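Tertiary structure, described
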Amino acid sequence: MKTSLIAALAFLVLTASDGFAQARGRGTAASSARQPRTTTVRVAVHDEGGSNLDGVRITLSGDATGEYTTAGAGTVIVPNLKAGTYRLHLEKEGFVTLEREFSLQDMAPKVVEVVLTPKPPPPPPPPPPPAPVKAALPPSGPPVSVSVVEFLDKNFIGRDPIRESVLACNPLETVRLLQLREALASHTHADADEVVYVVAGEGTAHVGERNIPLKPGTMVVIPHSLAHGFERQGRNALMVLSTLAGAACHEPAASR
């Protein structure tokens, strides 16, 4: 009888041990199959005055990634985020681009409030450069009055090949009387235009590639730096008034 009681007790202990082991094994298997916990994050974007901003482009990076755009309420919902650290990159035309970091730990739903700052206005355009200061003209000389006929009576060329006489000498022009029996070789005036008026005689003005007939009353305007020369034709001397305009006066030259 005593032996039977001991055997029964041993059976009960073994049976209980097996049941406890099976129950513990089932609990471990269920725990290992459980999915990681996730939560939802709502991102709300405002301006400095508290108004909602739509059209904000949001890029999520970190333990998860994604791209979103806020609607009229200025929010986006980011679902299924696990515990971890995340970064938001926010862009909107007219506002300063912003980056914001947040973390999830307790897995409760989270709201991330973001305020975007308007971009400062562009700097004003630089002021226009000051207008160039026009150089003051040098003081002009006194008025000049000359009788060309009377001057020629006293300063006729005679048999000289060339005679040059200065009739007026001012800071910005020189007026000469040229009497030519021989040709005046081609030359230029670098800083003065020349105005030629034929007083007497005949000839030809060689101006650049042109040959211009000269007779009393003819006027020729020769731009500066353009090569030109004069040639007498006929028996009489060629007499012209030459005005060099725009350059300082040439001092009177000796007859040549």
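For the structure itself, consult the block above.
Now for a look at the structure at hand. Bear in mind that the values here come from a model prediction, so they are computed numbers and not experimental data.

Describing the pattern of salt bridges
In this structure the tally under the stated criterion is six salt bridges. Residues Glu99 and Arg87 are paired through a salt bridge, measuring 3.2 Å at the closest nitrogen-oxygen approach. Linking Glu99 in strand E6 (residues 98-104) with Arg87 in strand E5 (residues 84-91), this pair joins segments that are 12 residues apart in sequence. Salt-bridge contacts for Arg163 lead to Asp160; the nearest nitrogen and oxygen are separated by 3.2 Å. On the basis of relative accessibility, which here comes to 17%, the residue Arg163 falls in the buried class.

Here we look at the state of the cysteines
Applying the stated criterion to the full structure yields one disulfide. Here Cys169 engages in a disulfide with Cys249; their sulfurs sit 1.6 Å apart. One quick way to see it: the torsion about the S-S bond of Cys169 and Cys249 is about -120°, and its sign makes the bridge left-handed. Here Cys169, found in strand E8 (residues 162-170), pairs with Cys249, found in the segment after strand E16 (238-245); they are 80 residues apart in sequence, far enough to count as distant.

Quick look at the sheet that holds E6
Ordered in space as E3-E2-E5-E6, the four strands form an open sheet in which the pairing is antiparallel. Each edge of the open sheet is held by one strand with a lone partner, namely strand E3 (66-69) and E6. Averaged over all pairs of adjacent strands, the angle between strand axes in this sheet comes to 25°, irrespective of strand direction. Summarising the sheet, strand E2 (residues 57-62) and E3 pair through four bridges and their orientation is antiparallel. Bridging across to E3, Ile58 finds its partner in Tyr68.

Calculation criteria
- Each chain carries its own residue numbering, running from 1 in the written order of its sequence.
- In keeping with the model being predicted, local features are shown solely for residues with a pLDDT of at least 70 and side-chain atom pairs are shown and tallied solely at 80 or more, while totals for entire chains, interfaces and linings include all residues.
- With hydrogens and water set aside, each side-chain value is computed from the structure's full complement of heavy atoms.
- We count a salt bridge whenever a side-chain nitrogen from Lys or Arg sits within 4 Å of a carboxyl oxygen from Asp or Glu.
- Only DSSP runs of H or I with at least four residues qualify as helices, and only runs of E with at least two residues qualify as strands; both kinds are numbered from the N terminus onward.
- Think of it in three bands: residues with accessible area under 20% of the maximum for their type are buried, residues over 50% are exposed, and the middle band is partly exposed, with areas taken using a 1.4 Å probe on protein chains only.
- Count a disulfide wherever a pair of cysteine sulfur atoms falls within 2.5 Å.
- DSSP bridges decide pairing: two strands pair if at least two such bridges lie between them.
- Axis lines are fitted through C-alpha atoms, for helices just across the contact stretch, and the angle between N-to-C directions can take any value from 0 to 180 degrees.

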